[in-house]
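For reference, the chains in residue letters:
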Amino acid sequence: METFTLLELLHILGAMILFGTGLGIAFFMVVANRSGNVALIAGTARIVVAADIALMATAFVLQPVTGLSLAHIAHLHIWQSWLAISLGLYALIGLLWLPGFWLRLQMREMAATALAAGTPLPPRYRQYLRLWYWCGMPGFIAIVAILYFMVTQPEYW
């Protein structure tokens, strides 16, 4: 297999992992939290954080490595509009993912503590859940936009 093809395959797989895992994490967190069941919320938060570390973080690091390598092999300049916009959106996703991950860590701990104590979730949990949502939605939209730019490669300048 040629280097370019292998990098392209890894890049597409990384994008699928980011998109799919992000969508899955959001779905399961929303469903668990809507249930109000502290045990379900605690278990889901534990699994979501594990998926964040094992899948999202790995793919998040892999994407720029494979993408910039592909651009280099294809003799693309990073200031081509579609590529520059994609890189800017990717940086935005990182800036949103980091606080989102911290919020998920805090929510996991609050849910585990409430489960162990047999108490309801603290009010701060709902505040963090709302903040997590507002970090996640723009990040998800940005991922979809990047996929659009990667497929269509429009030139604006």
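Everything here concerns the structure above.
The numbering scheme is per chain: residues are counted from 1 as the chain's sequence reads. Selection of residues for local features in this predicted model requires a pLDDT of at least 70, selection of side-chain atom pairs for listing and counting requires 80 or more, and totals for whole chains, interfaces and linings are taken over all residues. Calculated side-chain values reflect all of the structure's heavy atoms, with hydrogen atoms and water omitted.

Draft legend 1. Geometry of the pattern of salt bridges. For salt bridges, the criterion is a side-chain nitrogen of Lys or Arg within 4 Å of an Asp or Glu carboxyl oxygen. This structure, assessed with the given rule, holds 2 salt bridges. R104 is paired through a salt bridge with D52; the nearest N and O atoms lie 2.3 Å apart. Of this pair, R104 sits in helix α3 (residues 81–117) while D52 sits in helix α2 (residues 38–73), and the two are 52 residues apart along the sequence. Take R104: its relative accessible area is 7%, and that puts it in the buried class. Overall, the relative accessible area of 1% leaves D52 in the buried class. In this description a helix means any DSSP run of H or I spanning at least four residues, a strand means any run of E spanning at least two, and both kinds are numbered starting from the N terminus. Under the scheme applied here, a residue whose accessible area is under 20% of the maximum for its type counts as buried, over 50% as exposed, and between as partly exposed, the area being computed with a 1.4 Å probe on protein chains only.

Draft legend 2. Structural context of a nonpolar patch on the surface. Patch rule: a residue counts if its relative accessible area is over 30% and it has no salt bridge; like charges are joined within 9 Å, and nonpolar side chains (Val, Leu, Ile, Met, Phe, Trp, Tyr) within 5 Å. Each accessible area is a Shrake-Rupley result for a 1.4 Å probe, and residues are judged covered by the shown protein chains and nothing else. Taken together, M1, L6, L9, L10, I12, L13 and M16 make up a surface patch of nonpolar side chains, about 680 Å² in accessible area. Inspection of the secondary structure assignment puts L6 in helix α1 (residues 3–35).

Draft legend 3. Molecular detail of α3. Multiplying one less than the number of residues by 1.5 Å gives the expected span of a helix. End to end, α3 covers 54 Å across 37 residues, agreeing with the expected 54 Å (1.5 Å per residue, within 8%). Positioned one or two residues after α3, G118 has a phi angle of 70°, which is positive.

Draft legend 4. Region of interest: the packing of aromatic side chains. The criterion for an aromatic pair is that two Phe, Tyr or Trp rings (for Trp, the six-membered ring) have centres within 6.5 Å, with stacked assigned to planes under 30 degrees apart, edge-to-face to planes over 60 apart and tilted to the rest. Counted according to the given criterion, the structure contains 9 aromatic pairs. Ring plane angle 15° and centroid distance 6.3 Å describe the contact between F60 and W97, whose orientation is recorded as stacked. Separated by 37 residues along the polypeptide, F60 in helix α2 and W97 in helix α3 bring together distant segments of the chain. Given the relative accessible area of 18%, W97 is considered buried. Here F149 and Y156 contribute two aromatic rings whose centre-to-centre distance is 6.3 Å and whose plane-to-plane angle is 90°, an arrangement assigned as edge-to-face. Residue class for F149 comes out buried when judged on its relative accessible area of 11%. Three or more aromatic residues joined by ring pairs make a cluster, and in this case those are F60, Y90, W97 and F101.

Draft legend 5. Representation of the side chain of H11 in the model. Mapped onto the secondary structure, H11 falls in helix α1. Taking the relative accessible area as the measure of exposure, H11 reaches 17% and is therefore buried. By the criterion applied in these results, polar contacts are pairs of N or O atoms within 3.5 Å in which, for protein atoms, one can donate a hydrogen and the other can accept it, and in which residues neighboring in sequence qualify only through two side-chain atoms. Among the polar contacts made by the side chain of H11, one reaches the main-chain amide nitrogen of G67 at a distance of 3.4 Å. Should any heavy atoms of two residues lie within 4.5 Å, those residues are counted as being in contact. Ignoring any residue separated from it by four or fewer positions in sequence, one finds H11 in contact with Q63, T66, G67, L70 and M150.

Draft legend 6. Local environment of the nonpolar core. To qualify as a nonpolar core, a set must consist of buried Ala, Val, Leu, Ile, Met, Phe, Trp, Tyr and Cys residues joined through side-chain atoms within 4.5 Å. Ranked by size, the top nonpolar core spans 35 residues in total, and within it I25, M29, M107, L121, Y125 and W132 carry the most contacts. Only α1, α2, α3 and α4 (123–152) provide two or more residues apiece to this core. Other than its neighbours up to four places away in sequence, M29 contacts T44, A45, V48, M107, Y125 and W132.

Draft legend 7. Region of the structure containing the environment of I41. Following the sequence through the fold, I41 ends up in helix α2. Here the alpha-carbon distance between I41 and M29, two residues 12 residues apart in the chain, equals 7.4 Å. Not counting chain neighbours up to four residues away, the residues in contact with I41 comprise A32, N33, G36, A111, L121 and Y125.

Draft legend 8. Quick peek at the packing of α3 against α4. Axes here refer to lines fitted to C-alpha atoms; in helices the fit is confined to the stretch in contact. Angles between the N-to-C directions go from 0 to 180 degrees. Across the interface, α3 lies against α4 with an axial gap of 8 Å and an inter-helix angle of 155°. Here α3 is positioned roughly antiparallel relative to α4, judged by the angle of their axes. Remark: the crossing between α3 and α4 carries left-handed chirality. Here the residues of the contact of α3 with α4 are counted per class, giving 26 nonpolar, 4 polar and 2 charged. Between 65 and 115 degrees an angle is taken as roughly perpendicular, under 35 as roughly parallel, over 145 as roughly antiparallel, and anywhere else as oblique. Crossings are classed by handedness, with left-handed meaning an anticlockwise turn of the near helix from the far one by less than a right angle and right-handed meaning a clockwise turn. Nonpolar residues are Ala, Val, Leu, Ile, Met, Phe, Trp, Tyr, Cys and Pro. Charged residues are Asp, Glu, Lys and Arg, and all others, Gly as well, are polar.

The values reported here are purely geometric and, on their own, carry no functional implication.
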